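Below are the chains, spelled out letter by letter.
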Amino acid sequence: MRTSFACREFTSEPVSDEEVVALLELARFAPSGGNRQGWRVIVVPDQATKDALVELSLPALRLYLAQRDAGENPWNTIEPSAIDPSTIDHSDSSGLGWFRILAQAPVLLVIGVDLRVVASADSKLDRIGVVSGGSVYPFVQNLLLAARGHGLAGALTTFLAAAEPEAQALLGLPPEVAVAAMVPLGHPNQDITRLSRRPVSTFARLERWDGPAIG
Ligand SMILES: Cc1cc2nc3c(=O)[nH]c(=O)nc-3n(C[C@H](O)[C@H](O)[C@H](O)COP(=O)(O)O)c2cc1C
């Protein structure tokens, strides 16, 4: 957990089907609401499909960058955004390279979740849902931890989700399978072992929100 960084650049060493299956064998022990195990995985080694998946992700990335550069919290639903997506300059491809490079990963894994089996305990609240993702993202994190344990690496990315209809069409996913993540997988071309995270005392409190910080 302390060293599983978001890896986006890989060596040219291939990843075998057996290695992918070994990781999925471990990842499947993730928790899910009601143990319904709604995760679905498409393993993509084909270069043309990898290129297409990365291209589909770019509009969401452009909006992310525009909002970030304007000092906003990108893709946030609480604070209204001052950025009009139609005004984003699509001719400017600078700053996209760090993401475009994902197409060079030996494999891309698209992680979907079958919404027919997801328990969404917060679905009646008047706010954006967060519980549904809990039935698929532990699986993705398990996958990344398993990769780390096997000398591989990857990153949880979600820009593709913004282009879900196109991704579903590209991969033949049925409409009930939502796109949760796209994970590049390969042998890392560097090893980062000092991740930057806030200390426990900044997010944990005793008994109540206004209780004393712990840790
Ligand atoms: C829900 C979620 C969505 C993310 N989406 C993206 C994404 O679309 N593209 C990307 O490159 N990284 C994405 N990330 C990776 C984060 O940028 C990364 O986890 C964070 O910067 C920490 O990186 P580190 O572990 O290397 O310190 C996402 C991570 C999470 C948990």
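(A) Spotlight on the environment of Pro138. Tracing the sequence through the fold places Pro138 in helix H4 (residues 137-149). Leaving out residues up to four positions away in the same chain, Pro138 has contacts with Ala30, Pro31 and Gly133.

(B) Representation of the site of the ligand in the model. Taken together, Phe5, Ala6, Arg8, Trp98, Phe99, Leu156, Thr157, Thr158, Phe159, Leu195 and Arg197 make up the full set of residues near the ligand. Leu156 has a polar backbone atom sitting 2.7 Å from a nitrogen atom of the ligand. Between an oxygen atom of the ligand and a main-chain N or O atom of Phe159, the distance comes to 3.1 Å. Contact with the protein chains hides 61% of the accessible area of the ligand, taken as 640 Å² for the molecule alone. Its residues assigned to classes, the shell around the ligand shows seven nonpolar, two polar and two charged.

(C) Representation of the packing of helix H2 (residues 47-69) against helix H5 (residues 164-171) in the model. Axis separation between H2 and H5 bottoms out at 10 Å; the angle between their running directions is 170°. Classified by the interaxial angle, the pair formed by H2 and H5 is roughly antiparallel. Where H2 abuts H5, its residues Thr49, Ala52, Leu53 and Leu56 lie against Glu166, Ala167, Leu170 and Leu171.

About the thresholds
- Within each chain, residues carry numbers counting from 1 in the order of the written sequence.
- At least 70 in pLDDT is required for a residue's local features to be given in this predicted model, at least 80 for side-chain atom pairs to be given and counted, and no such filter applies to totals for whole chains, interfaces and linings, which use all residues.
- Each side-chain value is worked out from all heavy atoms of the structure, with water and hydrogens disregarded.
- Strands here are runs of E lasting at least two residues and helices are runs of H or I lasting at least four, both read from the DSSP assignment and numbered beginning at the N terminus.
- In this analysis, two residues are considered to be in contact whenever any of their non-hydrogen atoms come within 4.5 Å of each other.
- Distances are taken per atom, and a residue is near a molecule or strand as soon as one of its heavy atoms is within 4 Å of it.
- Think of a polar contact as two N or O atoms within 3.5 Å of one another; within protein, one of them needs to be a possible hydrogen donor and the other a possible acceptor, and neighboring residues in sequence only count if both atoms come from side chains.
- Shrake-Rupley sampling with a 1.4 Å probe provides the accessible areas, and residues are treated as covered by the protein chains on show and by no other component.
- Each residue receives one of three labels: charged for Asp, Glu, Lys and Arg, nonpolar for Ala, Val, Leu, Ile, Met, Phe, Trp, Tyr, Cys and Pro, and polar for the others, Gly being one of them.
- Fitting a line to C-alpha atoms yields each axis, with helices limited to the stretch in contact; the angle taken between N-to-C directions then spans 0 to 180 degrees.
- Angles are sorted into four bins: roughly parallel if under 35 degrees, roughly antiparallel if over 145, roughly perpendicular if 65 to 115, and oblique for all others.

Function-wise, these values are silent; they only describe arrangement.
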